[in-house]
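Spelled out, the chains give:
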Amino acid sequence: MTSQLTATAAHPVLRVPSASPAAAAAYFGASLAFHADVSDVAAALAADGDPGFVLLDSRSAESWGQGHVPGAVHLPTALIPEQARNLLDPAVPVVTYCWGPGCNGGARAALALAELGYQVKEMLGGFEYWVREGFEFETREGRERRAADPLTSPVATDDCGC
């Protein structure tokens, strides 16, 4: 048993022990309270009726023109303090996004909105994963859709099984 523990402790994955099940449940439950998946956002927006949230693109006007999610509200992060109350109902949750996983602009926008009293989530993957998963987007020239990237989206079905 001692040699097994020594081998486990030396292994990089378990060098720091896993959290307890209760701590893991608290952590992952909190993560889901702060984040929304691109596919889940797309499904909610595609369903009939009110999705129950507003989708907010926090990028610049140039980025918005390059491409954005249809139906999203455009409000650059720097303008949130002065314009949020004119564009967003404080009673309606907001889901923010920016470029992609390498950008924390969606998180900065979510923080700015939370500081104003809004309920917020960030859409994981941002605009990049919206496009990579094959969802329609708008540009200055009109609507576009690209083939889904098989590394980010299932090829033969809409359900990834997550």
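Please refer to the structure placed before this passage.
If you're wondering where the values come from, they're calculated on a predicted model, not measured in any experiment. (Residues numbered from 1 in each chain as written. Predicted model: local features only at pLDDT ≥ 70, side-chain atom pairs only at ≥ 80, totals over all residues. Heavy atoms only, no water.)

Some points on the overall build of the protein chain
To keep things clear, this is the line we draw: By the criteria applied, helices consist of DSSP H or I runs no shorter than four residues and strands consist of E runs no shorter than two, each listed in order from the N terminus. Note on method: radius of gyration uses C-alpha positions; expected globular size equals 2.2 Å times residues raised to 0.38. With a 1.4 Å probe rolled over the protein chains alone, any residue whose accessible area is under 20% of its type maximum counts as buried; one over 50% counts as exposed, and the rest are partly exposed. Contact criterion: two residues are considered in contact whenever any of their non-hydrogen atoms come within 4.5 Å of each other. Working definition of accessibility: Shrake-Rupley area with a 1.4 Å probe, residue cover restricted to the visible protein chains.
Scanning the protein chain for helices and strands turns up seven helices and seven strands. Listing every helix and strand of the protein chain by position from the N terminus yields α-α-β-α-β-α-β-α-β-α-β-α-β-β. At 19 Å, the protein chain has a C-alpha radius of gyration far larger than the 15 Å of a compact globule built from 162 residues. Residues classed as buried in the protein chain amount to 31% of the 162 residues present. Partitioning the contacts of the protein chain with sequence separation of at least 6, the portion at a separation of at least 24 is 60%. For the protein chain, the accessible surface area stands at approximately 10000 Å², while carbon and sulfur atoms represent 58% of it.

A short note on the pattern of salt bridges
Selection criterion: Salt bridges are defined by distance alone: a side-chain nitrogen of Lys or Arg within 4 Å of a carboxyl oxygen of Asp or Glu.
Inspection of the entire model under this criterion finds five salt bridges. Across the pair Glu128 and Arg132 runs a salt bridge whose closest N-O atoms are separated by 3.2 Å. Of this pair, Glu128 and Arg132 both sit in helix α7 (residues 126-132), four residues apart, which is roughly one turn of that helix. Using a relative accessible area of 33% as the deciding quantity, one classes Glu128 as partly exposed. Among the residues examined, Arg132 registers a relative accessible area of 24% and is labelled partly exposed. Arg132 is the partner of Asp149 in a salt bridge, and the nearest nitrogen-oxygen pair spans 2.6 Å. Residue Asp149 is found in the segment after β7 (142-144), and its partner Arg132 is found in helix α7; the two are separated by 17 residues along the sequence. By sharing partners, the salt bridges in this structure join Glu128, Arg132 and Asp149 into a single network.

Structural notes on the sheet that holds strand β5 (residues 120-124)
Formally: Pairs of strands are assigned from DSSP output, requiring at least two bridges between the strands. A fitted line through C-alpha atoms represents every axis, and for helices the fit uses only the stretch in contact; the resulting angles, taken between N-to-C directions, go from 0 to 180 degrees.
The parallel open sheet is built from five strands, whose spatial order is β1-β5-β4-β2-β3. Each end of this open sheet is capped by a strand with a single partner; those strands are β1 (35-37) and β3 (73-74). As paired elements, β1 and β5 share three bridges and run parallel to each other. Bridge pairing in β5 places Asp37 opposite Leu124. Its contacts with the sheet put helix α3 (residues 38-46) on β1, β2 (54-57), β4 (94-97) and β5, and the angle it makes with β1 is roughly 75°.

Focus: the nonpolar core
Burial of nonpolar side chains together is a common tendency in soluble globular proteins. Defined as follows: To qualify as a nonpolar core, a set must consist of buried Ala, Val, Leu, Ile, Met, Phe, Trp, Tyr and Cys residues joined through side-chain atoms within 4.5 Å.
Of all hydrophobic cores here, the largest spans 16 residues; its most connected members are Val41, Leu55, Val69, Val95, Tyr97, Met123 and Trp130. Among the secondary structure elements, those contributing two or more residues to this core are α3, β4 and α7. When near neighbours in sequence (up to four residues on either side) are disregarded, Val41 contacts Ala36, Phe53, Leu55, Val95, Met123 and Trp130. Grouped together as the second largest cluster of nonpolar side chains are ten residues, Leu56, Val94, Leu113 and Tyr118 included.

With respect to the pairing of β4
The side-chain alternation of β4 yields two buried faces, one formed by Val94 and Thr96 and the other by Val95 and Tyr97. As defined by bridge partners, β2 adjoins β4 across four bridges and the pair is classed as parallel. Bridged to Asp57 within β4 is Tyr97. Relative to β5, β4 runs parallel, the two sharing three bridges. By the bridge assignment for β5, Val95 is matched with Lys121.

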